[in-house]
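Architecture and fold: a report
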Amino acid sequence: MATAAKRQKVCVCQEGTVADYGMLAKADIEEGEVLFTIPRSALLHQRTTAVSALLQKEAASLQSSSCWVPLLLALLYEYTSPQSDWKPYLSLWPDLRRLDHPMFWSKEERDRLLRGTGVPEAVDKDLSNIQREYEDVVLPFMTRHPDLWNPKTHTLELYTELVAFVMAYSFQEPQEDEDDDEEEKPPNPPMMVPMADMLNHVSDHNANLEFSADSLKMVSVRRIHAGEEVFNTYGQMANWQLLHMYGFTEPYPNNSNETADIPAANLHKAAMQEALFDSERAMVEVRWETLSGMTQDREAFIFSEHGCLTDSELHTALKVFCMSEEEFSDFKDNEGWEEDDEDEEQISQAFSNDGLPGLKPSWKRLIHEAARLTLQSYGGGEDRDWALIKDDAALKGLSSRQQRALQVRFGQRRILCRLMELTGS
């Protein structure tokens, strides 16, 4: 399927890679070299499957919030059809149950190993959405076409496994740059890209998939030495996202994209704790309701190893919670600030690790307490996690799931502990 232009320089292997499969450099590769090319006819999606005409004809009935239903119906058909042209490709995954996303862990194990990380909540939402999508959209469609799909074969269990397969191995083509005046388009639907999905991910990657009108190309982004593994990037992914979407993590300290979320509700709790009287607590509630109306999509403030990534939203929340009654009255009357006296660059600097110690004391107290409340949600065990991370022998004694959960917990706690240091008195 993929061209052999650089076949002599790379090979797919099971040995010497970080996962079951991977790609190794057989010779030195220079920056900018095309490692392989995949023609668009070799991509598997709803327009290249054997049932593409039917999926296109009934597209209106297959709409869902995920936009994945057409591809998943194609995969249900191709994965179970003995005559499928995609059998050689799909046979690389003879048992989808080997996928070990947290959605396949027991709820007890998820909640115990990943408490506080946000993963259990994300998985519960996924499983609920998958079941609803299957019952409301997929099952009625299959029932109308019993010659192609059979609910006894194409079960909710198989559908869930294929969702995990798409999560772990599919690609989405980036939207073309749009003019600011144009409405934002929905993301492109996912597609399966043979060969490209053999490459593993690290944050410090050395290759990248490029899209053109007639093909997709894997291109080196720096020099790769013979014997090195060729790594693609799945994007700037924290370990909790990698585990949730792909079923793996990067070991500490390799993931430079690690993040920790502070729920906005914890900032609200911190502000309530600062209020001494009922009148003050009532005022905090009014300000919280005002903020909730302004930032309906912002459920958490995100921190990286270098500072706050959602600095504008955090800046707004702190100003609203800490402003005087007169300032808040003006703020409500004007439906916000007419013009902020601080630009984006100043705000970004103020909420970086370098700037956090210089914030107003009242702001630092709220951030510090919100971080402390968030740390509490993990249920303790910080010292044990730190000891495990430093002890290779103890780390190897853990199960694979325990190791991956540890990497998620440790990375997030480390950021939150550092944040508390920077905002402490």
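Provided above is the structure to which this section pertains.
Residues numbered from 1 in each chain as written. Predicted model: local features only at pLDDT ≥ 70, side-chain atom pairs only at ≥ 80, totals over all residues. Heavy atoms only, no water.

Evaluated as defined, the whole model comprises 14 aromatic pairs. Measuring from ring centre to ring centre gives 5.5 Å for tyrosine 134 and tyrosine 159, while their planes differ by 50 degrees; the resulting arrangement is tilted. Within this pair, whereas tyrosine 134 is found in helix H5 (residues 119–144), its partner tyrosine 159 is found in helix H6 (residues 156–169), the two being separated by 25 residues in sequence. Pairwise contacts between aromatic rings join Tyr89, Trp93, Phe165 and Tyr169 into one cluster. Between the NZ or CZ atom of arginine 287 and the centre of the ring of phenylalanine 328, over which it lies, the distance is 4.8 Å. (Phe/Tyr/Trp six-rings, centres within 6.5 Å; stacked < 30°, edge-to-face > 60°. Helix = DSSP H or I, 4+ residues; strand = E, 2+ residues; numbered from the N terminus. Lys NZ or Arg CZ within 6 Å of the ring centre and 35° of its normal.)

Time to look at unusual backbone geometry. Geometrically, the link from tyrosine 252 to proline 253 is a cis peptide bond, its omega value of 5 degrees lying close to zero. Positive phi outside glycine occurs at cysteine 67, with the angle close to 65 degrees. Tracing the backbone through its elements, the reader meets cysteine 67 in the loop between helix H1 (52–57) and helix H2 (69–80). A residue is classified by how much of its surface remains accessible, and cysteine 67, at 36% relative accessible area, is partly exposed. Even without being glycine, methionine 195 reaches a positive phi, approximately 80 degrees. Looking at the element boundaries, methionine 195 is found in the loop between strand E5 (191–192) and strand E6 (200–201). (Buried < 20%, exposed > 50% of the residue type's maximum accessible area, 1.4 Å probe, protein only.)

For the structure on display, the rule yields 21 salt bridges. A salt bridge links lysine 107 to aspartate 124, with the shortest nitrogen-to-oxygen separation between them at 3.1 Å. One end of the pair, lysine 107, is in helix H4 (residues 107–113); the other, aspartate 124, is in helix H5, with 17 residues separating them in the sequence. Given a relative accessible area of 44%, lysine 107 falls into the partly exposed group. Aspartate 124 gets classed as partly exposed once you look at its relative accessible area, which sits at 30%. Between glutamate 369 and arginine 372 there is a salt bridge, with its nearest N and O atoms 2.5 Å apart. Within this pair, glutamate 369 and its partner arginine 372 are both found in helix H13 (residues 361–376), separated by 3 residues, close to a single helical turn. Residue classification places glutamate 369 among the buried residues on the basis of a relative accessible area of 16%. A relative accessible area of 30% places arginine 372 in the partly exposed class. In the salt-bridge network here, residues are joined through shared partners; they are Asp100, Glu109, Arg401 and Arg404. (Salt bridge = Lys/Arg side-chain N within 4 Å of Asp/Glu carboxyl O.)

Along the chain, glutamate 78 turns up in helix H2. Only 2.6 Å separates the side chain of glutamate 78 from the side chain of threonine 49, close enough to count as a polar contact. A distance of 2.9 Å separates a polar atom in the side chain of glutamate 78 from the backbone nitrogen of alanine 50. With near-sequence residues (within four places) excluded, glutamate 78 lies in contact with Thr49, Ala50, Ser84, Asp85, Trp86 and Leu90. (Polar contact = N/O pair within 3.5 Å; in protein donor to acceptor, adjacent residues only side chain to side chain. Contact = heavy atoms within 4.5 Å.)

Here we take up the nonpolar core. Ranked by internal contacts, the top residues of the largest apolar core, which has 50 residues, are Leu73, Leu75, Leu76, Trp149, Tyr159 and Phe165. Contributing elements (two or more residues each) for this core: H1, H2, helix H3 (87–90), H5, H6, helix H7 (239–246) and helix H16 (400–423). When residues of this core are sorted by domain, at least three fall in each of domain 1 (10–43 + 193–246) and domain 2 (51–172). In this view, leucine 75 contacts Leu44, Leu90, Leu162, Phe165, Val166 and Met192; residues no more than four positions away in its chain are not counted. Core analysis: the next-biggest nonpolar cluster, separate from the first, contains 37 residues, Cys308, Phe351, Ala370 and Leu419 among them. (Core = buried A, V, L, I, M, F, W, Y, C linked by side-chain atoms within 4.5 Å. Domains from an automatic or database assignment.)

The N-to-C vectors of H13 and H16 enclose an angle of 150 degrees; their axes lie 9 Å apart at closest approach. Classed by the angle they form, the pair H13 and H16 counts as roughly antiparallel. As for the relative orientation of H13 and H16, their crossing is left-handed in sense. Listed contacts from H16 to Lys364, Ile367, His368, Ala371, Arg372, Thr374 and Leu375 of H13 are Arg413, Leu416, Cys417, Leu419, Met420, Leu422 and Thr423. Partitioned by chemical class, the residues of the contact of H13 with H16 number 8 nonpolar, 3 polar and 3 charged. (Axes fitted to C-alpha atoms, helices over the stretch in contact; angles between N-to-C directions. Parallel < 35°, antiparallel > 145°, perpendicular 65-115°, else oblique. Left-handed = near helix turned anticlockwise from the far one by under 90°. Nonpolar A, V, L, I, M, F, W, Y, C, P; charged D, E, K, R; others polar.)

Counting through the fold element by element, glutamate 161 comes out in helix H6. Buried and without a salt bridge, glutamate 161 has arginine 97 as its closest oppositely charged side chain, separated by 4.7 Å. Leaving out residues up to four positions away in the same chain, glutamate 161 has contacts with Leu96, Arg97, Leu99 and Phe104. (Lys, Arg positive; Asp, Glu negative; His and termini not counted.)

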